[in-house]
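Residue-level listing of the chains:
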Amino acid sequence: MYCINHTSIRPYLCSVSVFILFILTSMQGLAKSEYTEIHYPNSESQYDIRVKYPLELLALALSKSSSPYKLIKSDEATTQSRALKLLHDEGGLDVVWTMTNLEREKDFLPVRIPILKGLIGWRVLIIKEQNQPLFDNINNLKQLKKLVAGQGLDWPDTDILKSNGLVVETSTNYDRLFEMLQKGRFEYFPRSITEVWLELSQRPEQQLAAEKKLLLYYPTAMYYFVKKDNNKLANDIQQGLEEAIEDGSFDTLFYTYNQVLIDKSKLSERTIITLTNPQLSKDTPLDNTVLWFSLPREQIPDTPLNQGLGYLH
């Protein structure tokens with residue numbers, strides 16, 4: 001089971017375990033020649049449990065295919081850049097889920113269904129608990145530019161923040177970023193609302209907190225990526241996800257994992273600072289509203305900064 005001892009986020013981790021155990025083990029009785037092995041990346045940190053939802057969604061999609069697949073985790077802890085290298089140059093991986101950008105869509109074959117419904121671009125700031133006063137009077141991008149953000153060196157988010165004029169300190173190590181924040185190397189660490197609460201609950205000794213009033217938003221998507229020539233796998237994932245959307249199982253899984261985190265983020269109480277994303281492909285299916293999470297118009301905070309946010313409907 002995916003349970004940990006943090007009651008506020010337990011619904012995120014404990015609700016949907018049986019299905020993925022079934023899909024990962026149901027092929028064990030078949031001869032190897034009867035199924036296709038699909039190797040996916042291991043987490044890059046012992047604390048990093050972000051793999052659970054994408055893996056379960058992938059298993060759901062592949063369960064709808066007429067072709068039998070067996071999902072196999074890589075042996076080594078894998079950063080984003082390392083996982084993409086294994087997918088591209090060295091082999092060893094067949095699928096990676098990660099945030100998209102123009103380079104990744106050029107090098108790999110994306111399945112253009114945003115598996116987090118765009119929530120990867122809805123960002124709450126992790127800060128040092130005592131530093132909330134630094135943010136109390138920040139209401140726009142110009143004011144935020146006076147502070148320094150932290151991000152992963154190989155993350156597309158870093159380019160997005162920099163292209164909007166924000167100062168960014170980087171690291172190649174996921175866990176190290178939290179240590180750098182604690183030591184004052186930067187003032188805030190923007191994290192998706194699907195990530196922030198889990199990450200804070202895992203590090204109580206670092207005295208970090210979610211900033212209380214701001215939300216960064218930029219349009220982006222997390223996709224499944226496969227090798228450029230693996231059209232069979234891409235099509236099976238695509239069709240499986242489309243069937244899951246149609247029969248409701250996609251949304252059931254998505255909200256089972258994420259509703260408690262959405263609620264905890266109190267989006268309607270936050271000032272939204274919108275960033276542009278120059279790395280977003282023109283092929284991104286932004287017009288298909290079924291694929292995206294949106295904040296109802298009546299829940300958008302009534303501030304001048306938030307007026308005209310057409311993507312929130």
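Before reading on, note that the structure itself is shown above.
Residues numbered from 1 in each chain as written. Predicted model: local features only at pLDDT ≥ 70, side-chain atom pairs only at ≥ 80, totals over all residues. Heavy atoms only, no water.

Colleague: Quick question: what am I supposed to make of the overall build of the protein here?
Modeller: Within the protein one finds 11 helices and 12 strands. Pairs at least 24 apart in sequence give 77% of the contacts found in the protein among residues at least 6 apart. Approximately 14,000 Å² of the protein is accessible, and the part contributed by carbon and sulfur atoms is 49%. (Helix = DSSP H or I, 4+ residues; strand = E, 2+ residues; numbered from the N terminus. Contact = heavy atoms within 4.5 Å. Areas by Shrake-Rupley, 256 points an atom, 1.4 Å probe, with all protein chains shown as cover.)

Colleague: What am I meant to see in the nonpolar core here?
Modeller: If you look at soluble globular proteins, the nonpolar side chains tend to sit buried side by side. Judged by nonpolar contacts, the single largest core of 90 residues is most densely connected at Tyr224 and Ile237. Counting residues per element, this core draws most heavily on helix H3 (residues 52–63), at eight residues. When sequence neighbours within four positions are dropped, the list of residues in contact with Ile237 reads Leu58, Ala61, Leu62, Val95, Val111, Tyr224 and Val226. (Core = buried A, V, L, I, M, F, W, Y, C linked by side-chain atoms within 4.5 Å. Buried < 20%, exposed > 50% of the residue type's maximum accessible area, 1.4 Å probe, protein only.)

Colleague: How should the packing of aromatic side chains be read in this particular structure?
Modeller: When we look at a pair of aromatic rings, we describe it by the centre distance and by the angle of the planes. Inspection of every chain in the model, using the stated rule, returns 14 aromatic pairs. Plain terms: the ring middles of Phe186 and Phe189 are 6.3 Å apart, the flat faces sit at 70 degrees to each other, and that makes the pair edge-to-face. For Phe186, a relative accessible area of 2% translates into the label buried. You can call Phe189 buried: its relative accessible area is 0%. (Phe/Tyr/Trp six-rings, centres within 6.5 Å; stacked < 30°, edge-to-face > 60°.)

Colleague: Any chance you could explain the sheet that holds strand E11 (residues 222–226) here in plain terms?
Modeller: Adjacent strands of a sheet form backbone hydrogen bonds with each other and so pair up, either parallel or antiparallel. Strand order in the open sheet made by the three strands is E3-E11-E4, with antiparallel pairing throughout. In this open sheet, the two edge strands, each paired with only one partner strand, are strand E3 (95–99) and strand E4 (109–111). Each neighbouring strand pair of the sheet contributes to a mean axis angle of 35 degrees, computed without reference to strand direction. Pairing of E4 with E11, which is carried by three bridges, proceeds in the antiparallel orientation. Within E11, the position partnered with Pro110 by the bridge is Phe225. Strands in contact with H3 are E3 and E11; relative to E3, the strand with the most contacts, it is inclined by about 130 degrees. Along the sheet, helix H10 (residues 231–247) contacts E3, E4 and E11; its crossing angle with E4, the most-contacted strand, is approximately 10 degrees. (Pairing = 2+ DSSP bridges. Axes fitted to C-alpha atoms, helices over the stretch in contact; angles between N-to-C directions.)

Colleague: Which parts of the structure should I look at to understand the environment of Gln238?
Modeller: Looking at the element boundaries, Gln238 is found in helix H10. Gln238 gets classed as partly exposed once you look at its relative accessible area, which sits at 24%. When the C-alpha atoms of Gln238 and Val111 are compared, they prove to be 6.0 Å apart, with 127 residues separating the residues in sequence. Apart from the residues within four sequence positions on either side, Gln238 is in contact with Val111, Arg112 and Ile113.

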